[in-house]
Amino acid sequence: MKDTFYLTDDLAIINFDLVFPSTKSGLMKTPEFKAVVLKYVDRLRDKDPDMYNWLTNNNERKPEQAVEELNALARMALAFDRSELHSPYLDGTDNFLYFIQGLFNFWKRHERYSVTTNRQSDMGTTAFVDANSEFNDLIRDALRTLEQTFASRKNKVFRQQHAGTDAGISCYYNESIQLSERYDFLKQILFIDSIMLRTPLILHPKSNKREGLFEEVKKNPAFTFSGDPDEYFCFPAKVGSLMIYICFHRNYMANGVSCANLFEIATPEEAQGKPDGIVLFGNPDDLGQCTFYHDRDEDLWVGSVSSNPKVDYFGYMKKMVLTLHNVIMMEHGWLPIHGAFINVFLKNGTKKGICLMGDSGAGKSETIEALKSLGNDKIQKLEIVFDDMGTFHIEDGVVYAQGTETGAFVRLDDLDPGTPYRDIDRSIFFNPDKLNSRVITPAAPYPVIVQNHKIDLFAYANNYDDATGLREIEDLEEAKGIFIGGRRMAKGTTQETGLSETYFANPFGPMQKQSKCKPIIDEVFQTLKDNGTFIGEAFTHLGINPDGDDIGIAAEALLKFIEE
């Protein structure tokens, strides 16, 4: 990032390599600070005309002149008492105090990030964390000093607010990528090495729902990519056993940074060589598409999400990454599973691997939450292998499960009211005040999700039928028909409404690659039956009675199966 500062109406990115004030006065002298003040003054023109007219003396002062005079007064207030200060803005009113407080609130409403290549210190890999803490303290202390000076009283309540950055990233240039020169633009993009998050982190993306499908195309979006590499960052993600470069435009920094709670960040050493896939998120192609392509020459899958306000929703980034993962794994003969897998350890020593499959809103996570509550006195621990997407594969005649993500991206409405608060100190919240609000929280260590896990129960989460509990299906063809049919009653998590069908309940690869997926399904289901695995349905009723307690019946049947 060559710019010192990137500022929009709701986003601020600071390059700590090029600007890092160490004093309150030095902070206020920076062009970056003045840019924030000027943007706030301009905003007041429409939002608070009376304050704007006061600042500009009814337009006799230009906004730029007002900013310089305000800045000079603020710097003097750091060293002198109010009685020693003289300025046209000190007119016997509290307007200047209100202006300072309004400016701080305006700054806090921005999503604020720092970027560094760790050159500002020799303290090691945590230097960028220390820098963010220092910057946070500097801004908060400057506000307190000004408040106390112009309020003519000492503060009595001290709130340790997140005054500086919401997150910081430490970056490097990856020059060891082993791809043809057609992908050389990747070497000009800053790769993320480490991320600092001030949690709980509350973000307000422009969109709150995912629409449409990801389509395979015959033209490589990377070959027509026209974005400025200096405006992009790359999150090198370890997605299951794969390496996928998630390249995102800085306008989608919230999505890119939030990957830290969902995927394992690859080290610079692990990110060398050839990736399995590349995602171009915020592609300036003006196509309004979400597509993927297989570069057979280099055995590389490329996903592209066109820049558009509607894709400012984490689900677009997550699902494009998982789509690439799924099509790659099917090439290896592995079966992608859209579902949740947990290992349940009972206090009596029993252990069972439980997998519930279904599309968004089917009730997978809710059933597991109900199982936790119901079996609290019997369950020693639950080990999450995957919360949304995983794979089944066959080794030595046995079907095993593996995961893809180290975190969980779930609807707040789907969780028990107390659940989000258990991990609030590690969580990222998206639009918690709106319908379909989401949270990302860490769920499982990376070494756990890439291990082989035995499957004892594989059930389809049926949210549309009025049957209850758990049903085992002996007829393999009937079972496959239900799983492949992928029926569910939509709950509003996507654009769909009513009863819908999605091939194998998985629109992220299997639906687009049905001819590739079907033989794998046949082989896996036959092997599961040969292994004596329970195959059936768990009736959640979430589509027909979302406010009822029927899901507890399914959880009770699951607990009974585990105990037996």
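Residues numbered from 1 in each chain as written. Predicted model: local features only at pLDDT ≥ 70, side-chain atom pairs only at ≥ 80, totals over all residues. Heavy atoms only, no water.

**Q** Is there a simple way to think about the overall build of the protein chain in this case?
**A** The secondary structure content of the protein chain amounts to 14 helices and 27 strands. The C-alpha radius of gyration computed for the protein chain amounts to 27 Å, which stays within 12% of the reference 24 Å derived for 564 residues, consistent with globular compactness. Projected onto its principal axes, the C-alpha positions of the protein chain cover 90 × 55 × 45 Å. Counting all 564 residues of the protein chain, 57% fall into the buried class. A separation threshold of at least 6 residues defines the contact pool for the protein chain, and within that pool the share at least 24 residues apart is 75%. (Helix = DSSP H or I, 4+ residues; strand = E, 2+ residues; numbered from the N terminus. Rg over C-alpha atoms; globule rule 2.2 N^0.38 Å. Buried < 20%, exposed > 50% of the residue type's maximum accessible area, 1.4 Å probe, protein only. Contact = heavy atoms within 4.5 Å.)

**Q** How should the pattern of salt bridges be read in this particular structure?
**A** Here the idea is simple: oppositely charged side chains can pair when their charged atoms come close. For the structure shown, the criterion picks out 30 salt bridges. Between Asp-312 and Lys-206 there is a salt bridge; the shortest N-O distance is 3.8 Å. Taken together, the positions of Asp-312 in the loop between β13 (300-306) and α8 (314-331) and Lys-206 in the loop between β6 (201-203) and β7 (215-216) put the pair 106 residues apart, joining distant regions of the chain. Classification of Asp-312 as buried rests on a relative accessible area of 9%. For Lys-206, a relative accessible area of 55% translates into the label exposed. Glu-501 is paired through a salt bridge with Arg-487; the nearest N and O atoms lie 3.5 Å apart. Residue Glu-501 is found in strand β26 (residues 499-501), and its partner Arg-487 is found in strand β25 (residues 487-489); the two are separated by 14 residues along the sequence. You can call Arg-487 partly exposed: its relative accessible area is 32%. Because the salt bridges share partners, they merge into one network encompassing Lys-318, Lys-319, Asp-388 and Glu-405. (Salt bridge = Lys/Arg side-chain N within 4 Å of Asp/Glu carboxyl O.)

**Q** Sorry, what's going on with empty space enclosed by the protein here?
**A** Using a probe with the size of a water molecule, rolled over the atoms, empty space left in the structure can be pinpointed. Taken as a whole, this structure holds two cavities of 30 Å³ or more when the rule is applied. Put simply, the largest cavity is a space of about 420 Å³. Along its surface, the largest cavity is lined by 26 residues, and Leu-27, Phe-33, Val-36, Leu-103 and Ile-139 are the ones closest to its centre. At the level of elements, α1 (24-29), α2 (31-47), α4 (63-77), α5 (95-108) and α6 (127-151) are the ones that each hand at least two residues to the lining of the largest cavity. Looking at which element gives the most residues to the lining of the largest cavity, the answer is α5, with six residues. Looking at the lining of the largest cavity residue by residue, the class counts come to 23 nonpolar, two polar and one charged. (1 Å grid on protein atoms, 1.4 Å probe; cavity = no way out; pocket = protein on both sides within 12 Å on 5 of 7 lines; lining within 4 Å. Points joined across faces, edges and corners; volume = space filled by probe spheres on them. Nonpolar A, V, L, I, M, F, W, Y, C, P; charged D, E, K, R; others polar.)

**Q** I would appreciate a short explanation of unusual backbone geometry in the present structure.
**A** If a residue is not glycine, its phi is most likely negative; likewise, a peptide bond is most likely trans. Between Thr-199 and the following residue, Pro-200, the backbone shows a cis peptide bond with an omega angle of 0°. Turning to its location among the elements, Pro-200 is positioned in the loop between β5 (190-197) and β6. Backbone geometry places Asn-59, a non-glycine residue, at a positive phi of 70°. Mapped onto the elements, Asn-59 comes out in the loop between α3 (49-56) and α4.

**Q** Can you walk me through the pairing of strand β18 (residues 398-403) in this structure?
**A** Two faces, one strand: in a regular strand the side chains alternate between the faces of the sheet. Alignment of strand β17 (residues 389-395) against β18, held across six bridges, turns out to be antiparallel. Bridge pairing links Phe-392 to Ala-401 in β18. Of the pairings in the sheet, the one linking β18 to strand β22 (residues 453-454) comprises two bridges and is antiparallel in character. Note on β22: the bridge partner recorded for Tyr-400 is Lys-454. (Pairing = 2+ DSSP bridges.)

**Q** What is the right way to read the state of the cysteines from this model?
**A** Here is the idea: a disulfide is a covalent bond, and it sits between the sulfur atoms of two cysteines. What the rule picks out here adds up to zero disulfides. A disulfide-free cysteine, Cys-247 has its sulfur positioned 3.9 Å from the sulfur of Cys-234, the nearest such atom. With no disulfide of its own, Cys-290 lies closest to Cys-259 among cysteine sulfurs, the gap being 15 Å. (Disulfide = S-S within 2.5 Å.)

**Q** In this structure, what is going on with the layout of surface pockets? I would like to understand it.
**A** Of the voids in this model, the largest pocket is the one considered here, and its volume is about 610 Å³. Around the largest pocket sit 27 residues that line it, and Asp-10, Arg-109, His-110, Glu-111 and His-204 are the ones nearest its centre. Within the residue set of the lining of the largest pocket, elements represented by two or more residues are β3 (111-116), β6 and α7 (253-258). Broken down by element, the lining of the largest pocket gets its largest block of residues, three residues, from β6. Residue classes in the lining of the largest pocket are distributed as ten nonpolar, eight polar and nine charged.

**Q** Before we go on, may I ask you to explain the packing of aromatic side chains in this structure?
**A** Centre-to-centre distance and the angle between the planes together describe a pair of aromatic rings. If you walk through the whole model with that rule in mind, you get 28 aromatic pairs. The interplanar angle of 45° and the centroid separation of 6.1 Å between the aromatic rings of Phe-214 and Phe-508 together place this pair among those described as tilted. Remark: Phe-508 occurs in the loop between β26 and α13 (514-530) and Phe-214 occurs in the loop between β6 and β7; sequence separation between them is 294 residues. The same class applies to Phe-214 and to Phe-508, which are both buried. Each ring, one from Phe-458 and one from Phe-483, has its centre 4.7 Å from the other, and the planes form 40°; the classification is tilted. Within this pair, whereas Phe-458 is found in strand β23 (residues 457-462), its partner Phe-483 is found in helix α12 (residues 476-485), the two being separated by 25 residues in sequence. Across the pair, exposure class does not vary: Phe-458 and Phe-483 are buried alike. Chaining the aromatic ring pairs together yields one cluster made of Tyr-40, Phe-96, Phe-99, Phe-106 and Phe-150. It is Lys-352 that lies over the ring of Phe-561; its NZ or CZ is 4.8 Å from the centre. Across the ring face of Phe-345, the terminal group of Lys-381 is positioned such that the distance to the ring centre comes to 4.7 Å. (Phe/Tyr/Trp six-rings, centres within 6.5 Å; stacked < 30°, edge-to-face > 60°. Lys NZ or Arg CZ within 6 Å of the ring centre and 35° of its normal.)

**Q** Looking at this structure, I do not really get α6. What am I missing?
**A** One full turn of an α-helix is made of 3.6 residues, so residues set three or four places apart face in the same direction. The end-to-end C-alpha separation of α6 is 36 Å, in line with the 36 Å expected for 25 residues at 1.5 Å each. Ser-152 sits one or two residues past α6 and shows a positive phi near 60°. (Expected span 1.5 Å × (residues − 1).)

**Q** What am I meant to see in the environment of Gly-282 here?
**A** Tracing the backbone shows Gly-282 in strand β11 (residues 277-283). As a C-alpha pair, Gly-282 and Tyr-232 span 50 residues in sequence and 9.0 Å in three-dimensional space. Excluding residues that lie within four positions of it along the chain, Gly-282 makes contacts with Tyr-232, His-249, Tyr-252, Val-305, Ser-306 and Ser-307.

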